[in-house]
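Examination of the molecular architecture
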Amino acid sequence: MSTNSPGGLRVLVIIASTRPGRLGPAIADWFVRTVRSDVGSDATTVDVTDLADIALPMLDEPEHPASGSYQHEHTRRWSRTVAAADAFVVVTPEYNFGMPAVLKNAFDFLYHEWAWKPVAFVSYGNTSAGTRSVQMAKQVVTTLRMMPIGATVALRIADNIHDDRVTGSAALDGAARAVLDELSRVARALRPLRAGTDPTAVAGPVPGLTLGEARPGDLAELLVLQRCCWVQEAIANDTLDLAPLRETLDDLTASLATWQWWCVRRDGRLVAAVRARTDERAWLIGRLMVAPDQAGNGIGSWLLSYAEEQAPEQTTHCTLFTGHRSTSNISRYERAGYTLVTTADTPPDSVRLAKPRAAQPTSAVGHGVGVG
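Note that the coordinates shown come from a computational prediction; the quantities given were computed from them, not determined experimentally.

1. Re the overall build of the protein chain
Assigned secondary structure in the protein chain consists of 12 helices and 17 strands. Projected onto the principal axes, the alpha-carbon positions of the protein chain cover approximately 75 × 45 × 35 Å. Here the protein chain, with 372 residues, has 51% of them falling under the buried criterion. Restricting the contact set of the protein chain to residue pairs at least 6 apart, pairs at least 24 apart contribute 76%.

Dropping the structure here:
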């Protein structure tokens, strides 16, 4: 279950009970439905993960979690799920004045993936409404360098849950929205700290870069970046009739089915992207873009090189297009080992460039401009 909206923040709601007959899924569903309108306006993606579905065994990794060396695929899957999130909402009951063992176990599997991210709690129980579970969990999350926020929701089962459903009220719904609001603000404030510990961080030409496949939550930022980058292309070619300037969010979403997209963030901000796909024996690279204010620091050539390295074995060459009047682009690509080729399927007012697949780019390209 997920609620997607334009923007870059990813909030992961964790259902922290696996007991048969549990109320956690119903409470998580209520929380997501309640904050849905805020998600749409606050540029946030909310996903729900259920520890019953994750099905982690009791901690079985021989290496310390801080090493990031995982032998088991269930740990690697959990690592990817947690690493992709910017913030967490833990939906937890209270068992014997404490949190469920399955939640403690899920925390213990990882280390760096949790760091510098805020966490909120939606608790439920009888007399204490699950608040003692939250107090116990806070001792653990702070050790993992997470930041528990002040806003919270505590549900007394007798007062707030009937027929296995949360009976919402204006006050209760307002508390849920306050959780999302505070969580989002803190998550944005902590982004610079997360850059140095993000397991998706990569060694690039400048510090603070992360690189990963594009997700639905990236697309609105990607659309804005694309339009910014193709302004220079439009000026150089004296036309606004360029696909990157016409595309809608729906068009970008549809492109995920036929293209592989990669996004680069710097300290949380989307600053570059590229896409590629096979085209018979060619590895077709397109939409290489770098934010104009990031131009000149090598991100473009570094990202192009990465895209080239992803070419499947069956391809023989890399190819790309740019505007026929984009002389600076053409020069940069030629210096990077590409040569102009003439084919019948080259779009009007465009040129095609190609290079052998095994070759590597040798100089910076794509600085603050759009191509393909």
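So that's the structure; there's more coming.
2. Some points on helix 3 (residues 73-83)
For helix 3, the complete set of buried residues consists of His74, Thr75, Trp78, Ser79, Val82 and Ala83. One side of helix 3 carries all its buried residues, which in axial view fall inside an arc of 160°. Against strand 2 (9-15), strand 3 (44-50), helix 2 (51-54), strand 4 (87-93) and helix 4 (101-108) lie the buried residues of helix 3.

3. What about the pairing of strand 3?
Of all the 7 residues making up strand 3, 6 are buried; the element is thus mostly covered by neighbouring parts of the structure. Of the pairings in the sheet, the one linking strand 2 to strand 3 comprises 7 bridges and is parallel in character. The residue of strand 3 that forms the bridge with leucine 9 is threonine 44.

4. Topic: the nonpolar core
Residues Val13, Ile27, Phe31 and Val89 are the most contacted members of the largest nonpolar core, which totals 33 residues. Those elements giving two or more residues to this core turn out to be strand 2, helix 1 (24-41), strand 3, strand 4, strand 5 (118-125), strand 7 (153-156) and helix 7 (170-194). In terms of residue count, the dominant contributor to this core is helix 7 (8 residues). Among residues more than four places away in sequence, those in contact with isoleucine 27 are Val91, Val122, Tyr124, Leu155, Ile161 and Val166. In this structure, Trp262, Val264, Trp302 and Ala307 belong to the second largest nonpolar core, which totals 27 residues.

5. A look at the side chain of glutamate 308
Within the secondary structure, glutamate 308 is located in helix 11 (residues 299-309). A relative accessible area of 3% places glutamate 308 in the buried class. Polar contacts involving the side chain of glutamate 308 include one to the side chain of tyrosine 338, which spans 2.6 Å.

6. A closer look at the confidence of the model for the protein chain
In the predicted model, the protein chain carries a mean pLDDT of 86, and the fraction of residues at 70 or more is 90%. Note that pLDDT drops below 50 for residues 1-7; the model gives that stretch 30 contacts with residues more than four away or on any other chain. Contacts from residues 359-372, a stretch scored under 50 in pLDDT, to residues over four places away or in other chains number 70 contacts.

7. Focus on the packing of aromatic side chains
Under the counting rule described, the total for this entry stands at 5 aromatic pairs. With 6.0 Å between their ring centres and 70° between their planes, tryptophan 78 and tryptophan 114 make a pair best called edge-to-face. Taken as a pair, tryptophan 78 in helix 3 and tryptophan 114 in the loop between helix 4 and strand 5 lie far apart in primary sequence, 36 residues in all. Given a relative accessible area of 0%, tryptophan 114 falls into the buried group. Both rings, one in tyrosine 333 and one in tyrosine 338, keep their centres 5.8 Å apart while their planes meet at 90°; by these two values the pair is edge-to-face. When its relative accessible area of 0% is taken as the criterion, tyrosine 333 is described as buried. Given a relative accessible area of 1%, tyrosine 338 falls into the buried group. Just above the ring of phenylalanine 97 sits the side chain of arginine 132; from NZ or CZ to the centre is 3.6 Å.

8. Side note on unusual backbone geometry
Its identity as a non-glycine residue notwithstanding, alanine 55 has a phi of 55°, on the positive side. Counting through the fold element by element, alanine 55 comes out in the loop between helix 2 and helix 3. What makes alanine 55 exposed here is its relative accessible area of 52%. Non-glycine residue aspartate 164 carries a positive phi angle of around 60°. Along the chain, aspartate 164 falls in the loop between strand 8 (161-162) and strand 9 (165-166).

9. Things to note about the pairing of strand 12 (residues 269-279)
With 7 bridges joining them, strand 11 (residues 260-266) and strand 12 adopt antiparallel strand pairing. Bridge pairing links arginine 265 to leucine 270 in strand 12. Adjacent in sequence and paired antiparallel, strand 11 and strand 12 are bridged by 2 residues, among which aspartate 267 carries a positive phi angle near 50°. Here 7 bridges tie strand 12 to strand 13 (residues 282-290), and the two strands are oriented antiparallel to one another.

10. Some details on the state of the cysteines
Under the counting rule described, the total for this entry stands at 0 disulfides. Considering cysteine sulfurs only, cysteine 228 is the nearest to cysteine 229, which forms no disulfide, with 6.6 Å between them. Cysteine 318 takes part in no disulfide bond, and the closest cysteine sulfur, belonging to cysteine 263, lies 20 Å away. Exposure remark for cysteine 318: the relative accessible area of 0% places this residue in the buried category.

About the cut-offs
Residues numbered from 1 in each chain as written. Predicted model: local features only at pLDDT ≥ 70, side-chain atom pairs only at ≥ 80, totals over all residues. Heavy atoms only, no water. Helix = DSSP H or I, 4+ residues; strand = E, 2+ residues; numbered from the N terminus. Buried < 20%, exposed > 50% of the residue type's maximum accessible area, 1.4 Å probe, protein only. Contact = heavy atoms within 4.5 Å. Arc of directions from axis to C-beta. Pairing = 2+ DSSP bridges. Core = buried A, V, L, I, M, F, W, Y, C linked by side-chain atoms within 4.5 Å. Polar contact = N/O pair within 3.5 Å; in protein donor to acceptor, adjacent residues only side chain to side chain. pLDDT = per-residue confidence, 0-100. Phe/Tyr/Trp six-rings, centres within 6.5 Å; stacked < 30°, edge-to-face > 60°. Lys NZ or Arg CZ within 6 Å of the ring centre and 35° of its normal. Disulfide = S-S within 2.5 Å.

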